[in-house]
Amino acid sequence: MGKHVVVIGGGVAGLEVAGQLSKIGFEVSLIEKDSRTGGHLNKWYRLFPDRRRSSEVKEYLNGITANNGINLMTDTSIEKFNRHKDHFIIITSGGRELIADAVIVATGFDLFKSARKEEYGYGIYDNVITSADLEEMFRRGEISLTNNTIPEKIGIIHCVGSRDEKVGNFYCSKLCCVTAVKQAIEIREFLPESKVFCFYMDMRMGGALYEELYREAQEKWGVSFIRGKVSEASETIDNKLLIKVEDTLAGRPLKMKLDLLVLMAGMEMSEGGKKIAGIGGLRTGENRFFAATDNHYGSNKSNIAGVFYAGTCTAPMNITETISHARAAVVEVIDYLKDNN
Amino acid sequence: MGKLYDLLLEDVRFEEGLNACMNCGVCTAICPAAEFYIYDPRKIVDDVQTKDDEKITELLKSETIWYCGECMSCKTRCPRGNAPGLIIMALRSLSQDLGFFTESEKGRQQLALKRTVGHWMITYGYCLYLEGVGTSMHPEQGPVWDWIQDNWKEVFKKMGANYQGDGPGILRRIPEEAMDEIREIFKVTGGMRRFENIEEFSKKKAKELNMQLDDGIENEYFQHIYKTNNGSHTR
Amino acid sequence: MILEGKKAVWNDYQKEIADDKYYYVRSCVRQNFFPGSETAFLKIMREELNKDVYEHPCHTSCTGIVYHSDLVPVETTMTVVARQFALMTEAGYENLMPSCITSFGLYTEILDTWHHFPEVEEKVRLQLKKATGREFKKPKNLAHASDVIFKFRKEIGAKAKYKLINKETGEPLKVVDHIGCHYAKMFPSKGVGGAEYPYVLTGMIEEWGGQIIDYPERRHCCGFGFRQYLVQANRGFSVACSKEKFESMKPFKPDMIITNCPGCPMFLDRWQYVINEMEGKRYGQNGEGIPVFTYEEVAGMVLGYDPWELGLQMHQTDCEPVLNKIGIDYSPEDKYNLDISPSYSKKHNLINV
Ligand code: SF4
Ligand code: SF4
Ligand code: SF4
Ligand code: SF4
Ligand code: SF4
């Protein structure tokens, strides 16, 4: 075929798209802003719902992108992006010019910057961390406080930066409930003496095997689930965290002292995505993610013919969905280029 | 259904204060009143958003709408951009307009407030005008307050005040023309009507309770509402 | 506690504060309980900083306490506030500087409401015209008096006679700040440093040599609660709130409390007295209470103003421990002496311009 497709973003979606397209025989360039591909997967220790190691998925993705002649450009971003007749001219940060027949945007998501929820004190109180920081601890194989002691009482706050008008994010990030459940179990596994409390508004267990994991967390691991959004945290003289929350099922306010607080940071449109939306004239929605042309049957299509989306740059998705969405983008590209000879 | 809700909507604070509540409890969690009283602002917001006349009537006659301290800590945090404190202000206003406030012990206290801070405002132009308001009404003010009260004019003079004087300055006498303007504003905007309402419904209630209620504060009903706490409000 | 994190938050909340030609509106709580603070404030503004501060003899209370006691409809308060604006407009000023936090909050709220509901502003204009014949312009700049002291904290620091330092140990005094709820809780962007980590008082304390101490119940309301204090039957709420704060700050051993709201210093001061009477409990060191100050008093103190002219004898919880720690030169025996020293009696607050 010999058509050239440029894929922007080397996370799960970008790798899957690039791998599949190159397998079929397209010429593929994959542009990644970091020094290595894999995106958020690199930071995660194990994945929900089955808690397999994230490295296994990474291996799969490496497998399909290896030896297929993909032109991989790391440490590269995009400076210019123009449509010219039926092709695209892309100028990279390295000053290279790429001519593409089609473009797939797979710029993924950024984790919500938890310091913006000022009342939780991320970056201010010593032992307030995010879900990503906790994965880092899992990978290092130790969960410890800043004074190197082991936490006993750990709180997990759901919906940090999601479902929250105050930070401008009305939507649900969809994955943080199950991440909380997974991490709660893992904390209990690492620290059998610990107590873990999840503070949630709704348990959104809408994926395959999620509900089962939730039940396991309760039955097997004794994780406590308290229905109420945490209102604030503060630091006590003995370096613990005092939180205020309402146990809404009991209908009374509650104060609790914890050793460690884990924030389930939500997902936001990535900075890289925003930049491309700006220079490429791609439409975004009220939630700032890329807006596809149709929610039901056009979720890969952008407002520009020949530019397609794959993965979480359009909405929060788990890995299964991301890979399916990426494959669907491949179909769209084939369909588009077939008409566009 | 919804008649009282529509009345609430006439209050701009209500419109500002309520989008939709998802019962997260963030407001109750930091509410100083919820810590002290048997009180849950989340519940009030949730009841109001049903638009159910029966539920709203119950609220308007309840003790619970009078527990809020209007600190607005809830407004800072609500993830839906609600302000329970503003919703409660609208409920309290409506409760007084409809005369429901005398149905609760805490609501009846509105007369005590009207005859102190309300009276000072339209008489002197100050919400607080404390010469002569001693430690019998305010024992917590302590011996220093007795000393201040005993030497009021000298103390204020030493503090550089212009007590009851002409021109600008601390606790100056506000000119009668200015006070006329304030009272006219109260008339034009419904402030006076609220005051009259409070008096009228309180008198009715006093009669019902068989208590004497004359002008001022030295009467049975005033002292009763000012001091009574039946002990059922706190946890 | 990671200071860098706080600094990042402070950076996010910069606020525009006018630098001269202020129209000052008084606070009725301040006037009744801390008159010396308003006097000191005007002295600092006019004599130390050479600023133009105007006070209109015909301005009144903003109705704040009446409003938050739910005694008037919102239109009444808006129209009284509109009258304050009208007096300001007539006097040729446009930078409004209220002494009261509740008042500042109320002005902010009203301007915000008018912004979102212009028809409400129109109605208020008509009502004001009808009741008083007056018309008004909205303030160009609205800053609380504590914002203005914050703005000039360096200038004040440069003239200071004392620092907030324990003269025996050379250590900075440990200071707890209490920000009035209505300062930024309603509109975080209108406060210096925002609502969660306000910087307005912290900035002053740091500049004047002290050290700010954070503690868990820092954000908790002092417990005024309007009707919750004004009616005797409800005062349990008020004292419970203050007590919660004292219990929470005690382990940090603060030397003093600084406040920017008119009501809070009175409550934090008097409730310490009440708790001691009722339970024999004190929260300061050496069996003493924790002295509570207004920011004007602290500014006056470092500038070397006489404590009894600042009105520190009007506090129920003794302020002497702090005066002694700093090493302020004062005469203890004159505490209740009501003679007026000629140096201070120039009737500062009576002079406009
Ligand atoms: S998935 Fe759960 S934690 Fe995440 S935003 Fe949705 S409800 Fe909140
Ligand atoms: S914080 Fe807002 S959404 Fe949550 S319970 Fe209170 S009013 Fe409802
Ligand atoms: S305004 Fe009222 S409801 Fe809101 S936090 Fe304060 S006391 Fe509670
Ligand atoms: S809010 Fe302040 S200025 Fe206004 S009436 Fe109350 S104390 Fe006075
Ligand atoms: S802290 Fe107290 S006095 Fe100050 S604003 Fe809050 S309730 Fe009012």
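Residues numbered from 1 in each chain as written. Chains lettered and ligands numbered in written order. Predicted model: local features only at pLDDT ≥ 70, side-chain atom pairs only at ≥ 80, totals over all residues. Heavy atoms only, no water.

Enquirer: Requested: an account of the domain arrangement of chain A, with residues and values cited.
Expert: Residues and elements named next belong to chain A. Domain assignment breaks chain A into domain 1 (4–108 + 270–339) and domain 2 (114–266). Relative to domain 2, the C-alpha centre of domain 1 lies at a distance of 32 Å. Listed as interface residues are 16 residues of domain 1 and, on the opposing side, 24 residues of domain 2. For the pair domain 1 and domain 2, the summed buried surface comes to about 1,700 Å²; carbon and sulfur atoms form 60% of the total. One can count three salt bridges joining domain 1 with domain 2. A salt bridge links Arg-51 to Glu-189; the nearest nitrogen and oxygen atoms lie 2.4 Å apart. Linking domain 1 to domain 2 there are nine residue pairs in polar contact (both at pLDDT 80 or more). Residues that form the side of domain 1 that touches domain 2 fall into these classes: eight nonpolar, three polar and five charged. (Domains from an automatic or database assignment. Contact = heavy atoms within 4.5 Å. Buried area = accessible area lost by both parts, 1.4 Å probe. Salt bridge = Lys/Arg side-chain N within 4 Å of Asp/Glu carboxyl O. Polar contact = N/O pair within 3.5 Å; in protein donor to acceptor, adjacent residues only side chain to side chain. Nonpolar A, V, L, I, M, F, W, Y, C, P; charged D, E, K, R; others polar.)

Enquirer: Quick rundown of the sheet that holds strand E4 (residues 78–84) of chain A? Include the residues and the values.
Expert: Residues and elements named next belong to chain A. The strand order across the open sheet formed by three strands is E4-E5-E6, and the pairing between neighbours is antiparallel. The sheet is open, and its two borders are formed by E4 and strand E6 (97–100), each paired with just one other strand. Neighbour to neighbour, the strand axes of the sheet diverge by 20° on average, direction disregarded. Sheet topology places strand E5 (residues 87–92) next to E6; four bridges connect them, and they run antiparallel. Residue pairing across strands places Ile-91 opposite Glu-97, the latter belonging to E6. (Pairing = 2+ DSSP bridges. Helix = DSSP H or I, 4+ residues; strand = E, 2+ residues; numbered from the N terminus. Axes fitted to C-alpha atoms, helices over the stretch in contact; angles between N-to-C directions.)

Enquirer: Please give an account of the confidence of the model for chain C that cites residues and values.
Expert: Detailed reading of the predicted coordinates is not advisable wherever pLDDT falls low. Residues and elements named next belong to chain C. A residue-level look at chain C finds 96% of positions with pLDDT of 70 or above and a mean pLDDT of 94. The model gives residues 345–351 a pLDDT under 50, and that stretch makes 19 contacts with residues more than four places away or in other chains. As a predicted assembly, this complex carries a pTM of 0.95 together with an ipTM value of 0.96. (pLDDT = per-residue confidence, 0-100.)

Enquirer: Which residues make up the site of ligand 1, and what values go with them?
Expert: Close to ligand 1 lie A:His158, A:Cys159, A:Ser162, A:Arg163, A:Cys172, A:Ser173, A:Lys174, A:Leu175, A:Cys176, A:Cys177, A:Asp202 and A:Arg204. Secondary structure elements with two or more residues in the shell around ligand 1: strand E10 (153–160) and helix H4 (176–190) of chain A. (Near = heavy atom within 4 Å.)

Enquirer: Before we move on, could you go through the interface of chain A and chain B and cite the residues and values that matter?
Expert: How large an interface is tends to be reported as the accessible area lost when its parts come together. Counting from both sides, the interface comprises 20 residues of chain A and, opposite them, 21 residues of chain B. Buried area between chain A and chain B, summed over both chains or domains, comes out near 1,700 Å², and the portion from carbon and sulfur atoms is 47%. On the chain A side of the contact with chain B, A:Lys166, A:Glu246 and A:Pro253 bury the most area, a combined 30% of that side's loss. Counting the contacts that link chain A with chain B gives three salt bridges.

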